[in-house]
Amino acid sequence: MPVSARTASTPATTYPRARTRTPNSNAADARALTQVLFEEIARLEPGTPEHARVRAALIEVNLPLVRYAAARFRSRNEPMEDVVQVGTIGLINAIDRFDPERGVQFPTFAMPTVVGEIKRYFRDNVRTVHVPRRLHELWVQVSGAIEDLTVLHGRSPTTAEIAERLRLSEDEVLACLEAGRAYHATSLEAAQEGDGAPGLLDRLGYEDPALNGVEHRDLVRHLLVQLPERERRILLLRYFGNLTQSQISAELGVSQMHVSRLLSRSFARLRSANQLEA
């Protein structure tokens, strides 16, 4: 079970409520408050109660960033509360590593860390579908490249950009992306959620009309190999080639009467062999 934000961080903050209550503030206000808090925490000694309170306030102010990142994973069918808690761990790590002097806005710095923590959670704790080791290792590289290129360009990178950065083919990148989405195995018999449609097996499967004849065909094949080659050929021409006795006689250069006798003798042998098999 993921560690909760409260247990992963510090005790409940007592920072002035007027400065930490920002649920209705816009993004600019949140960034401004975050900057002020980082300036204050830089002057405090780590491990002191005041440092812990300012750190907790930073976590609380930036929780909307975690919820925004977690919303990208709604399709994974995992409890959103768990995803938010995991993302909060990434937020805490980002706060502890952030250096305001680098001139980067905190949300820009923190987002890849939060998303990466959530992705690692899905990769290590949620996946039920086995992915080949090579694709799994490449997916880690592709995931990291996506985060870096997103920060660099301010948008989601294209497949070609990811392939160029990692020196891979676009097909390999696409295979990794497909493997990254393979988390759950769904039963073929499970009904579709929502509309109550039949399961995949009911929609794709069908009854093979020749299924009932499998045992008979196997028995006939077993008995045919016991016949002499010429008699076996006559039976194949008659019942699999759909030739008449006169056409068979012309094909083999024998009389139609002789073909009829060979067919009768073959049937007698097949019946006798079948009775012995039974």
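Here the structure is a predicted model, which is why all the values come from computation and not from measurement.

Secondary structure summary: the protein chain contains 15 helices and zero strands in total. For the protein chain, the residues scored as buried account for 35% of the 278 residues in total. Partitioning the intrachain contacts of the protein chain with sequence separation of at least 6 by distance along the chain shows that 59% fall at a separation of at least 24. Carbon and sulfur atoms make up 51% of the accessible area of the protein chain, which amounts to about 18,000 Å² in all.

So, on to the nonpolar core. The biggest cluster of nonpolar side chains holds 32 residues, and the ones touching the most others in it are L37, F38, L91, I95, F106 and I118. Counting only elements with at least two residues in this core, the list comes to helix 3 (27–42), helix 4 (49–61), helix 5 (63–70), helix 6 (80–97) and helix 7 (106–126). With nine residues, the single largest contributor to this core is helix 7. Those residues in contact with I118, other than ones at most four positions away along the chain, are A69, A70, F73, V83, V86 and G87.

The next thing to look at is the packing of aromatic side chains. Applying the stated criterion to the full structure yields five aromatic pairs. Ring plane angle 50° and centroid distance 5.4 Å describe the contact between F98 and F109, whose orientation is recorded as tilted. With a gap of 11 residues between them, F98 in the loop between helix 6 and helix 7 and F109 in helix 7 connect regions that are remote in the sequence. Accessibility classification places F98 together with F109 in one group, the buried group. Grouping aromatic residues by their ring pairs yields a cluster made of F38, F98, F106 and F109.

Tracing the sequence through the fold places S255 in the loop between helix 14 (245–252) and helix 15 (256–277). Note: C-alpha distance between S255 and Q245 (10 residues apart in sequence) is 9.1 Å.

Here we come to helix 13 (residues 229–239). The set of residues buried in helix 13 consists of E231, I234, L235 and L237. The buried residues of helix 13 occupy one face: seen down the axis, they fall within an arc of 165°.

A grouping of L236, Y239 and F240 is seen on the molecular surface, where their side chains present a nonpolar patch of about 340 Å² in accessible area. With respect to the helices and strands, the residue Y239 is situated in helix 13.

Mapped onto the elements, Q226 comes out in the loop between helix 12 (214–224) and helix 13. For the pair formed by Q226 and L270, sequence separation is 44 residues and the distance between their alpha carbons is 8.6 Å. Reaching out from Q226, the side chain makes a polar contact with the backbone oxygen of H222 at a distance of 3.4 Å.

Counted at 1.5 Å a residue, the expected span for helix 6 with its 18 residues is 26 Å, and the 26 Å between its end C-alpha atoms agrees. Within the sequence span of helix 6, burial applies to D82, V83, Q85, V86, G87, T88, G90, L91, I92, A94 and I95.

Next up on the list: the packing of helix 5 against helix 6. Interaxial distance between helix 5 and helix 6 falls to 9 Å at its minimum, and their mutual angle equals 125°. Comparing the axis directions of helix 5 and helix 6 gives the class oblique. Taken as a pair, helix 5 and helix 6 cross one another with a handedness that is right-handed. Residues L63, V66 and A70 of helix 5 touch helix 6, and the partners they reach there are M80, V83, V84, G87, T88 and L91. Residues belonging to the contact of helix 5 with helix 6 are distributed by class as follows: seven nonpolar, two polar and no charged.

Opposite charge on two side chains permits pairing when their charged atoms draw close. If you walk through the whole model with that rule in mind, you get nine salt bridges. Across the pair R53 and E50 runs a salt bridge, and its minimum N-O distance is 2.5 Å. With R53 and E50 both in helix 4, this residue pair falls three residues apart, about one helical turn. Residue R53 is classed as partly exposed on the basis of its relative accessible area, which comes to 28%. E50 gets classed as partly exposed once you look at its relative accessible area, which sits at 30%. Residues participating in the shared-partner salt-bridge network are E231, R265 and R269.

It is worth spelling out the confidence of the model for the protein chain at this point. Of the residues in the protein chain, 75% reach a pLDDT of 70 or more, and the chain-wide mean stands at 78. Taken element by element, the protein chain is modelled with least confidence in helix 1 (residues 5–8), mean pLDDT 40, and with most confidence in helix 4, mean pLDDT 92. Under a pLDDT of 50 for its full length, residues 1–25 has, in the predicted model, 42 contacts with residues more than four places off or in other chains.

Cut-offs and rules
- Residues numbered from 1 in each chain as written.
- Predicted model: local features only at pLDDT ≥ 70, side-chain atom pairs only at ≥ 80, totals over all residues.
- Heavy atoms only, no water.
- Helix = DSSP H or I, 4+ residues; strand = E, 2+ residues; numbered from the N terminus.
- Buried < 20%, exposed > 50% of the residue type's maximum accessible area, 1.4 Å probe, protein only.
- Contact = heavy atoms within 4.5 Å.
- Areas by Shrake-Rupley, 256 points an atom, 1.4 Å probe, with all protein chains shown as cover.
- Core = buried A, V, L, I, M, F, W, Y, C linked by side-chain atoms within 4.5 Å.
- Phe/Tyr/Trp six-rings, centres within 6.5 Å; stacked < 30°, edge-to-face > 60°.
- Arc of directions from axis to C-beta.
- Patch = residues over 30% accessible without salt bridge, like charges linked within 9 Å, V, L, I, M, F, W, Y side chains within 5 Å.
- Salt bridge = Lys/Arg side-chain N within 4 Å of Asp/Glu carboxyl O.
- Polar contact = N/O pair within 3.5 Å; in protein donor to acceptor, adjacent residues only side chain to side chain.
- Expected span 1.5 Å × (residues − 1).
- Axes fitted to C-alpha atoms, helices over the stretch in contact; angles between N-to-C directions.
- Parallel < 35°, antiparallel > 145°, perpendicular 65-115°, else oblique.
- Left-handed = near helix turned anticlockwise from the far one by under 90°.
- Nonpolar A, V, L, I, M, F, W, Y, C, P; charged D, E, K, R; others polar.
- pLDDT = per-residue confidence, 0-100.

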